[in-house]
Amino acid sequence: MNLAKVVGVVLIAAGAIGLVMGSFTYTKDTEAVKLGPVELSVKQKETINVPVWAGIGAIAVGVVLLVMGGRKG
């Protein structure tokens, strides 16, 4: 299996996950205050929405790479 086919499969999987999940969240640690030996940190939850067009586009590009990946110029 060549590189184009592997990338195609990864893009199809990522696009499908993006369509199913819709968004993902992660926790970001930030240092709020540091006064001598005392430190205060804040944990913020960040949410990233995955647009539908991005998921569909990733699937489409993945399919094109799978189909065209095996052809030689």
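Each value, and the rule that gives it
Residues numbered from 1 in each chain as written. Predicted model: local features only at pLDDT ≥ 70, side-chain atom pairs only at ≥ 80, totals over all residues. Heavy atoms only, no water. Helix = DSSP H or I, 4+ residues; strand = E, 2+ residues; numbered from the N terminus. Rg over C-alpha atoms; globule rule 2.2 N^0.38 Å. Buried < 20%, exposed > 50% of the residue type's maximum accessible area, 1.4 Å probe, protein only. Contact = heavy atoms within 4.5 Å. Areas by Shrake-Rupley, 256 points an atom, 1.4 Å probe, with all protein chains shown as cover. Lys, Arg positive; Asp, Glu negative; His and termini not counted. Charge placed at Lys NZ, Arg CZ, Asp CG, Glu CD. Patch = residues over 30% accessible without salt bridge, like charges linked within 9 Å, V, L, I, M, F, W, Y side chains within 5 Å. Salt bridge = Lys/Arg side-chain N within 4 Å of Asp/Glu carboxyl O. UniProt positions renumbered as here; feature names shortened; annotations may be inferred. Axes fitted to C-alpha atoms, helices over the stretch in contact; angles between N-to-C directions. Parallel < 35°, antiparallel > 145°, perpendicular 65-115°, else oblique. Left-handed = near helix turned anticlockwise from the far one by under 90°. Nonpolar A, V, L, I, M, F, W, Y, C, P; charged D, E, K, R; others polar.

### With respect to the overall build of the protein
- Looking only at helices and strands, one finds 2 helices and 2 strands in the protein.
- Ordered by position from N to C terminus, the α and β elements of the protein give α-β-β-α.
- By the compact-globule yardstick of 11 Å for 73 residues, the protein is too spread out, its C-alpha radius of gyration being 20 Å.
- Each of the three principal axes of the protein carries a C-alpha extent, and together these read 65 × 25 × 15 Å.
- Sorting the 73 residues of the protein into buried and exposed places 10% on the buried side.
- At a minimum sequence separation of 6, the contacts of the protein that also span at least 24 residues come to 57%.
- When the accessible surface of the protein is summed, it comes to about 5700 Å², and 67% of that surface belongs to carbon and sulfur atoms.
- Between the centroid of the 7 positive side chains of the protein and the centroid of its 4 negative side chains there is a distance of 22 Å.

### Quick notes on a nonpolar patch on the surface
- The grouping of Val9, Val63, Val64, Leu66, Val67 and Met68 at the surface amounts to a nonpolar patch, some 470 Å² of accessible area in total.
- With 5 residues, helix α2 (residues 52–69) is the largest single contributor of residues to the nonpolar patch.
- In this fold, leucine 66 is placed in helix α2.

### Some details on the UniProt feature "transmembrane region" (unreviewed entry) in the protein
- The UniProt record annotates "transmembrane region" (unreviewed entry) at residues 50–68.
- With 89% helix and 0% strand, residues 50–68 has end C-alpha atoms that lie 27 Å from one another.

### Here we look at the packing of helix α1 (residues 3–21) against α2
- Packing of α1 against α2 leaves a shortest axis separation of 7 Å and a crossing angle of 155°. Between α1 and α2, the angle falls in the class roughly antiparallel. When you trace α1 past α2, the crossing you get is left-handed. In this structure, α1 uses Ala4, Lys5, Val7, Gly8, Val9, Leu11, Ile12, Gly15, Ala16 and Leu19 to contact α2, whose residues at the interface are Val52, Gly55, Ile56, Ala58, Ile59, Val61, Gly62, Val63, Leu65, Leu66 and Gly69.
- Its residues placed into classes, the contact of α1 with α2 shows 15 nonpolar, 5 polar and 1 charged.

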